[in-house]
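# Close look at the chain arrangement
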Amino acid sequence: MFTLQLFSFLFSKTQEEPTKKFKVDSFLHTMCLHDDQLRDISARFQAEMKKGLSAESNAAAAVKMLPTHVRSTPDGSERGQFLVLDLGGSEFKVLRVNVREGMGIRRGGVEMEERSYPIPQELLVGRGAELLDHVSESLKDFLHEKNISLEMKHPLAFTFSFPCELSGLDQGSLLSWSKNFRARGLQGKDVVQALRDAIGRTGGMNTEVLAVVNDTVATMMTCGFEDKYCEVGLIIGTGTNACYMEELRHIDLVEGDEGRMCVNTEWGAFGDDGALSDYVTEFDREVDAASNNPGKQIFEKMVSGMYLGELVRLVVLKMATLGLLFAGHVSNTLRTKGKVTTAHVAAMEEYKHGVENTRLILTGLDLTPSLDDCIAVQHVSTIVSFRSSNLVAAGLAAILTRIKQNRKLRTFRITVGVDGTLYKTHPQYPKRLHKVVQRLLPEYQVRFVLSDSGSSKGAALVTAVAQRLASQKRKVDETLSLFRLSSEQLQLVKARMRAGLEAGLRGEGPSEIKMLPSFVSRPPDGTEHGKYLALDLGGTNFKVMLVNFKKGLQPSSQVYHKIYTIPLEKMQGTGEELFDHLAECVSDFLDYMGIKNARLPVGFTFSFPCEQTAIDAGTLVSWTKGFKATDCEGHDVVDMLRDAIKRRNEFELDIAAVANDTVATMMSCAYEEPQCEIGLIAGNGTNVCYMEELKNIKTTEQKKRQMDDGSDGERKAGDARIQTMCINTEWGGLGDHGSLDELITPYDAEVDLNSLNPGNQRFEKLAGGMYLGEVVRQTLLDLTSRGLLFRGNVTDALKTPGIFQTKYLSQIESDRMALLQVRSILQGIRLDSTCDDSIIVKEVCGAVSRRAAQLCGAGMAALVEKIRENRGLDHLNITVGVAGTLYKLHPHFSEVLQETARVLAPQCHVTFVQSEEGRGKGAALITAVTRQKEEM
């Protein structure tokens, strides 16, 4: 009879079904959510997430946003054998999980053996210790059954699918039970320690509990093992929850701001504070009132499989009571809680057999349904389950939106790992969820992956990842320890620098530190005036400047300049070609300024080691910084420039002085700071100069004549006048004879071997910006080849010398630089990094740059101590003029340098002043001081 009615009904379905559905829609209109409402719910959930992440508001937050201490998803290299205990539903599972490297879709494979153990009802509501004793005894039974050694230590992961506040990966306090669990004595206690105690009571097992994991996190980890884009876990089953990888800097409850950590949202509690009150229906309130935890887990009660059947029953009961179904007949069975399950809901919504399934279910409730009744009840089921998928989509949209905003991405691709019986068994649920998410987030590429044995496999993977990260960190730390200088090593550098300074001054035999006299005898005194031309050659750029000094109560200067590029072929061609190019640049500048006919005095800043025999004569000792033009070393650079100007035959210049950039920097700062008697360069290269007492410098015939002429500078010391001269130390050569061999790492040795001047400028290659990026690259290359970075993928980019520029160190180490931006920098040089990779790269950059700053600080301590002792002072106040991009642009270099100098030279108060337009302006000042002396 019913089959004939069904046939008749299907025949007339087109005309009748809209009417029946309309009645149900009208009755359940508050459950039918449109997109604007879903966006509103999504925005509310975003606000709840922010509230839960904040230390100030977390205590009052309904959505707790619990840190899990899971800092990385799998990369496929995990391996090991683990035991897993999975407690979260009506059955408890024990598993042996073998994670094998080198298999599977990615790089690894997972093999599992498992057994389920029922949990007696009395244990769900009994004492917590008894529940965990059952868990422990089941574990021992499993070990016996599988012939697993009881003596061997087994790493164990604990999947515990209830809200826990984790203070570590293996420490978790139970916040509240859910899903019909109400065992006494565990709430507020560390469940890991309680499990360890239970294992101890059982006895005879050697296990180490390494991690406690929520089932949601485990689901994400399982799917992440197969899909590197999986950074969200979603459970839609008996209960519901979601987790995702949050930027650590946003998680107030955990120290640190580098990297990411998985946050267990515990979104089932969304609405516990009334945030969803205008969406909660009378049926939701009735379900909540009859539950084990009234007023709690409001979102979960609107969404999860434990409650959907009951919601459908209450709706059907109310409609029947009002005479809208079953001709007003209500059976006692329909009045009984729990008689409609979520499995019934799924069966009623089957595409082909849904109506027949509905009839059978309703008949089982002692009802006599008509076809209209069946269709109406089927539609009730659809609305209730559709609301569930809509609400889940709204929450998921909030999470995905937050991730995209955190990472400031234009396009966004992500995978959501999903587990749970509702998602797995309901025929329409997944499709509905996917469509709504796509509709709410049309520009996002969201993929859903069903977890395979998610909670168990994932717990093992959490443990495996933790072991991998711990091992990786240990090996990375061992590598970076090569760059970390102890107090004893810094004192050694200070002592070797002091010895090198003294040996260079004595001029006895070959010295690592040249200590070249500059023939600059005094700093400026503010009386300098007039127009001067300044030329500055020190790197890949050549700067030409016009400087006009003005006398007055507050001396001032005006500077005009133009910068010219030095092509590589000129840097490494012939000396004549290089200096002809310089003359061409000067000619262009004179035309530009309209002063080609003015024969101005010129100061020439030449930032390479030169041995000077006069203020306007300097013989190039050796090229540095990538220059190797031929027929220059051993020749007077001033003469070579004069010859180039003569060959051009367009203008005349009076080259009055040649100076090193370090000396020019000191002079520039001394124009503003009278106590400035030291110049420091911390840029592509590194060097220092200072005012030394002439009596300490090995006397040459030229110096004797200058002393006889009285043309050297003087410094007052009591009633005496002390003659001085600025010494260009060329301290970059420290270590050339092996004095720093104890500090040289294999990465430094490789950089030196591949440089233009192997074996020379060893100190500069440890501390100069020209080399730091290459030291970092060599370190990254080694870490990658050992499988500790970039998944062991040694790319052509990583093997390319010079690709990791020193400017990247400054950018990467910036306190404002998020890891996402670090990844962007690395991707810009074709290094595809994970979040973990970015952290390691940042650590490498920090170790290399900190060592460079400490070395410069130790060298500075040696110098200022020497000056203090020279002058017989108990305490020295002195100013250092500093130039160089490393000092100026690196976020921490200057601070570390200054702190190191302060600690190693406690009797010296050293003030560091940055030089502005230092090198060119300083050369002009040297020329001005020289001219004043000649006029006296």
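It should be noted that the structure appears before, not after, this text.
Parameters and conventions
Residues numbered from 1 in each chain as written. Predicted model: local features only at pLDDT ≥ 70, side-chain atom pairs only at ≥ 80, totals over all residues. Heavy atoms only, no water. Helix = DSSP H or I, 4+ residues; strand = E, 2+ residues; numbered from the N terminus. Rg over C-alpha atoms; globule rule 2.2 N^0.38 Å. Buried < 20%, exposed > 50% of the residue type's maximum accessible area, 1.4 Å probe, protein only. Contact = heavy atoms within 4.5 Å. Areas by Shrake-Rupley, 256 points an atom, 1.4 Å probe, with all protein chains shown as cover. Lys, Arg positive; Asp, Glu negative; His and termini not counted. Charge placed at Lys NZ, Arg CZ, Asp CG, Glu CD. Pairing = 2+ DSSP bridges. Core = buried A, V, L, I, M, F, W, Y, C linked by side-chain atoms within 4.5 Å. Axes fitted to C-alpha atoms, helices over the stretch in contact; angles between N-to-C directions. Parallel < 35°, antiparallel > 145°, perpendicular 65-115°, else oblique. Left-handed = near helix turned anticlockwise from the far one by under 90°. Nonpolar A, V, L, I, M, F, W, Y, C, P; charged D, E, K, R; others polar. Phe/Tyr/Trp six-rings, centres within 6.5 Å; stacked < 30°, edge-to-face > 60°. Lys NZ or Arg CZ within 6 Å of the ring centre and 35° of its normal. Patch = residues over 30% accessible without salt bridge, like charges linked within 9 Å, V, L, I, M, F, W, Y side chains within 5 Å. Salt bridge = Lys/Arg side-chain N within 4 Å of Asp/Glu carboxyl O. Arc of directions from axis to C-beta.

## Observations concerning the overall build of the protein chain
In terms of regular secondary structure, the protein chain is built from 32 helices and 27 strands. In terms of C-alpha radius of gyration, the protein chain reaches 39 Å, well past the compact-globule figure of 30 Å for 936 residues. The C-alpha extent of the protein chain, read off along each of the three principal axes, is 130 × 65 × 50 Å. When the 936 residues of the protein chain are sorted by exposure, 59% land in the buried category. The contacts of the protein chain with a sequence gap of at least 6 include a subset with a gap of at least 24, amounting to 72%. Total accessible area on the protein chain stands at roughly 38,400 Å², and carbon and sulfur atoms take up 48% of it. Of the charged side chains in the protein chain, 109 are positive and 121 negative; the average position of the first set lies 3 Å away from that of the second.

## Side note on the sheet that holds strand β9 (residues 230-236)
Here six strands make up an open sheet; going across it, the order is β1-β11-β10-β9-β12-β13 and the pairing mixed. Two strands close off the open sheet at either side, each with one partner strand: β1 (66-67) and β13 (444-450). As paired strands, strand β12 (residues 412-419) and β13 are joined by seven bridges and run parallel to one another. Bridge assignment links Ile 414 to a residue of β13, and that residue is Val 446.

## Considerations on the nonpolar core
With 101 residues, the main nonpolar core has Ile 678, Phe 804 and Met 860 as its most contacted residues. The dominant element in this core, judged by the number of residues it contributes, is helix α29 (residues 835-870), at 18 residues. Beyond its immediate sequence surroundings of up to four residues, Met 860 is in contact with Ile 678, Leu 680, Val 688, Trp 731, Val 880, Ala 901 and Phe 912.

## What about unusual backbone geometry?
The phi dihedral of Phe 326 is positive, around 55°, even though this residue is not glycine. Note on placement: Phe 326 falls in the loop between α10 (305-321) and α11 (332-335). Assessed through its relative accessible area of 5%, Phe 326 is described here as buried. Of note in this structure, Asp 366 is not a glycine but carries a positive phi near 65°. For Asp 366, the position within the fold is in the loop between α13 (354-364) and α14 (371-407).

## Thoughts on the pairing of strand β19 (residues 610-614)
Pairing geometry for β19 and strand β20 (residues 617-620), over four bridges, is antiparallel. Following the sheet pairing, Glu 611 is matched in β20 by Thr 619.

## Quick look at the packing of α29 against helix α31 (residues 893-904)
For any two helices packed against each other, one specifies the crossing angle of their axes together with the interaxial distance. The contact between α29 and α31 brings their axes to 7 Å, and the two run at 40°. Our classification of the angle between α29 and α31 gives oblique. Between α29 and α31 lies a crossing whose hand is right-handed. In this structure, α29 uses Ser 849, Arg 850, Ala 852, Ala 853, Gln 854, Cys 856, Gly 857, Ala 858, Met 860, Ala 861 and Glu 865 to contact α31, whose residues at the interface are Phe 893, Val 896, Leu 897, Thr 900, Ala 901 and Leu 904. Tallied by class, the residues present in the contact of α29 with α31 amount to 11 nonpolar, four polar and two charged.

## Let's talk about the packing of aromatic side chains
Tallied over the full model, the rule gives 25 aromatic pairs. Between the aromatic rings of Phe 606 and Phe 608, the centroid separation amounts to 5.1 Å while the plane-to-plane angle is 55°, which identifies the pairing as tilted. Note on accessibility: Phe 606 and Phe 608 belong to one class, buried. Ring-pair connections join several aromatic residues into one group, and the members of that group are Phe 158, Phe 160, Phe 162, Trp 177 and Phe 181. The side chain of Lys 562 reaches across the aromatic face of Tyr 592, ending 4.6 Å from its centre.

## Re a negative patch on the surface
Together, Glu 569, Glu 576, Glu 577 and Asp 643 make up a region of like negative charge exposed at the surface. Along the chain, Glu 576 falls in helix α20 (residues 575-593).

## A look at the side chain of Asn 293
Among the structural elements, Asn 293 can be located in the loop between α8 (282-289) and α9 (298-303). Among the residues examined, Asn 293 registers a relative accessible area of 18% and is labelled buried.

## Observations regarding α8
Among all positions in α8, only Phe 283, Asp 284, Val 287 and Asp 288 are buried. Seen along its axis, α8 keeps its buried residues to an arc of 140°; they face one direction.

## Quick look at the environment of Thr 358
Inspection of the secondary structure assignment puts Thr 358 in helix α13. Judged by relative accessible area, which is 0%, Thr 358 ranks as buried. Between the C-alpha atoms of Thr 358 and Leu 371, which are 13 residues apart in sequence, the distance is 9.7 Å.

## Brief notes about the environment of Arg 777
If you trace the backbone, Arg 777 turns up in helix α26 (residues 769-785). When the C-alpha atoms of Arg 777 and Tyr 747 are compared, they prove to be 8.7 Å apart, with 30 residues separating the residues in sequence.

## Remarks on the sheet that holds strand β16 (residues 541-550)
By definition, the strands of a sheet pair up through backbone hydrogen bonds, in either a parallel or an antiparallel sense. With mixed pairing, five strands are arranged side by side in an open sheet as β17-β16-β15-β18-β21. Two strands close off the open sheet at either side, each with one partner strand: β17 (556-565) and β21 (654-659). Adjacent strand axes in the sheet meet at a mean angle of 20°, parallel and antiparallel pairs treated alike. Inspection of the sheet shows strand β18 (residues 601-606) paired to β21 by five bridges, in the parallel sense. What sits directly across from Val 602, in β21, is Ile 655.

## A look at the environment of Ala 657
Inspection of the secondary structure assignment puts Ala 657 in strand β21. When its relative accessible area of 2% is taken as the criterion, Ala 657 is described as buried. Linking Ala 657 and Phe 412, residues 245 residues apart in sequence, is a C-alpha distance of 60 Å. The residues contacting Ala 657, other than those within four sequence positions of it, are Val 602, Gly 603, Phe 604, Ile 615, Asp 616, Ile 926, Thr 927 and Thr 930.

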